[in-house]
Structure formats: structure tokens, C-alpha cells
Amino acid sequence: MGGNMNRRHFIAATGATALLYPVRGLAQTDDLTRLLAEVAADPSMVEDSWAYREPSVTRGVGHGTPSTRKLSQTALDMIIAFEVASPAAYEAKYRRPIWPKGQSGVTIGVGYDLRFANRAFIDRDWPMLPQADRSLLYTVAGLGGLAAKNALASVRSVVIPWEPARTQFMAFIPYPTKDTEKAYPNCSELPDDCFGALVSLIYNRGPAMSPNSVKRKEMYRIKQLMAARNFADIPAQIRSMKRIWQGDPNARGLLRRREAEALLFEKGLRSA
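Residues numbered from 1 in each chain as written. Predicted model: local features only at pLDDT ≥ 70, side-chain atom pairs only at ≥ 80, totals over all residues. Heavy atoms only, no water.

Novice: Please explain the packing of aromatic side chains as it appears in this structure.
Specialist: A ring pair, where both rings are aromatic, is described by two values, the distance of the centres and the angle of the planes. Applying the stated criterion across every chain, the model contains five aromatic pairs. When the ring of F172 is compared with that of Y175, the centres are 6.3 Å apart and the planes differ by 20 degrees; the resulting orientation is stacked. By relative accessible area, which is 7% here, F172 ends up buried. For Y175, a relative accessible area of 13% puts it in the buried group. On the numbers, 5.7 Å between centres and 70 degrees between planes, the contact of F172 with Y203 is edge-to-face. Of this pair, F172 sits in helix α10 (residues 162–172) while Y203 sits in helix α12 (residues 192–205), and the two are 31 residues apart along the sequence. What makes Y203 buried here is its relative accessible area of 4%. Ring pairs connect the aromatic residues F169, F172, Y175 and Y203, which therefore count as one cluster. The ring of F195 carries R69 above its face, with NZ or CZ at 4.1 Å from the centroid. (Phe/Tyr/Trp six-rings, centres within 6.5 Å; stacked < 30°, edge-to-face > 60°. Buried < 20%, exposed > 50% of the residue type's maximum accessible area, 1.4 Å probe, protein only. Helix = DSSP H or I, 4+ residues; strand = E, 2+ residues; numbered from the N terminus. Lys NZ or Arg CZ within 6 Å of the ring centre and 35° of its normal.)

Structural data, given as C-alpha cells:
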């Protein structure tokens, strides 16, 4: 377990969910594997989801103070899958800078949006790149929307293989991890998979929440459930968010991401 809560306390707080569904639990693990395999086989689901990026999320550029808590490997694999589908898909489609449409900036690596970067951030986050490549990237830092689209050709000579992209992603993930710890109380009491599901959610949607917002009310409800240590009801709130994008053919990947996060949280409950 990732926090300081003992096993007996956690099972009591979750209503013994982990003990009630041993057979269903196996099926849910298979469902998570199946979802990630679907995304790996169809990167267009990931690309379509880029249009729904929240404008307040800094998209791969770490701001503030990073967390020291480590995520489970399953959580890391899931977040990567919903950003670039798979390492193989990354090498085939995303090793050169792209423009994910909308208000996005030129994007490199695992969702690193240069709209939110500057020279100092690029030097901090990409020391493994040649100086000539970093100098090119400086020229598109801060650009978004059509300005980024028009500038894309000027940096397409930059090539970032999977390994440096993965290295940068691993250096970045402590920042949304810290954002999650700030957004939700009692994170230290969650098993690593449960916590990783919330990090994926904050990574994708940002920490904003409000009981009066049509789109953010589940985020607020999760905060209430975390405060009450009613962890067992959190997956239902994650699934409830699907209503926001239901019926949109371009939201296939986003709907699967919410389901995968709910499944991962349930996996963590069973491990307690």
C-alpha cells in the first residue's frame, strides 16, 4: 500500500469491497487489459481525445513542486496508453513534433505541449536533446492554436525517440501527482493503483472542481468521498463523468480512459 493506512482500517473504510467480489475482480482486471489493448491497436482514439484537453492543464510541463510518491507501474502504463497509445505507436507516429489541433501548442514526447514551456523549461526537461534541437524548440515555445500549427514545419527536423520521451515523462509525472495530493484529502491512505487512477484523472482534466458546475460536479463529489474515506463509491463517480462526452464519436478514447480509471481504482480496492 502506498500510504500509511493499515489493511484493517482501509477495508473498514471501503465497506470491505475488496472481499466481496473476488470473481468479478478477475474479470475487471481483464477488462482493463482489454481496454489498454484496444487503445494500443487504434491510436486514433488517443488523437481524437486531444481535442478535449482542458485549457488549464499545463500538458506535460511541470510547474510548482513535484511529489515524492511513486505511482504503480499499471497506473503509469495506463496514462502513457491514453497519451500516445503505446511505445510502438509513439515511434511510428509521434517521434517528431506534432500539433494536436485546437488551442494546443507544438507537442513533443508524451504530451509535452510547448505552449506551456519556455527556454528554461525546455532546458530543464530536455537536457538529453542536442542544443541545436532545443534551440529550434525555443522558437515555438508559448505558441498555441493556428500560430503553433503554422510553426510546426520549422521544428519537424527534431526527432525524439521513445527512450528520451519516456525519461521526460517520468520526470514530469511527480507534478500531477502533487496536484492530486493537493486536490484530494487522504491520498496517503489509498493503495497505489487507486491513487494512480486519480492522478490519471487530474493529469487529464486538471484539479478544478465545483458542486455547481455541470462538467465538474463529479470532481467535487470525489473530494467529498475522499474526505469521508468512502473510497468504494469513487469508481462510480469516475464513470458518471462519461455523461459529459456520451454520444460524441470523437470521444471514444476519453470514454475508455474514464472506464480504465474506474477499473484501476477498483483493482486497488481489491489489493487492500
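Novice: Hey, could you run me through the packing of α12 against helix α15 (residues 252–271) in this one?
Specialist: How two helices pack is summed up by the angle between their axes together with the distance between the axes. Running from N to C, α12 and α15 point in directions that differ by 155 degrees, and their axes come no closer than 6 Å. Of the possible angle classes, the one that applies to α12 and α15 is roughly antiparallel. At the point where α12 passes α15, the crossing takes the left-handed sense. Where α12 abuts α15, its residues D193, C194, G196, A197, L198, S200, L201, Y203, N204 and R205 lie against L254, R257, R258, E261, L264, F265, K267, G268 and L269. Taken together, the residues of the contact of α12 with α15 sort by class into nine nonpolar, four polar and six charged. (Axes fitted to C-alpha atoms, helices over the stretch in contact; angles between N-to-C directions. Parallel < 35°, antiparallel > 145°, perpendicular 65-115°, else oblique. Left-handed = near helix turned anticlockwise from the far one by under 90°. Contact = heavy atoms within 4.5 Å. Nonpolar A, V, L, I, M, F, W, Y, C, P; charged D, E, K, R; others polar.)

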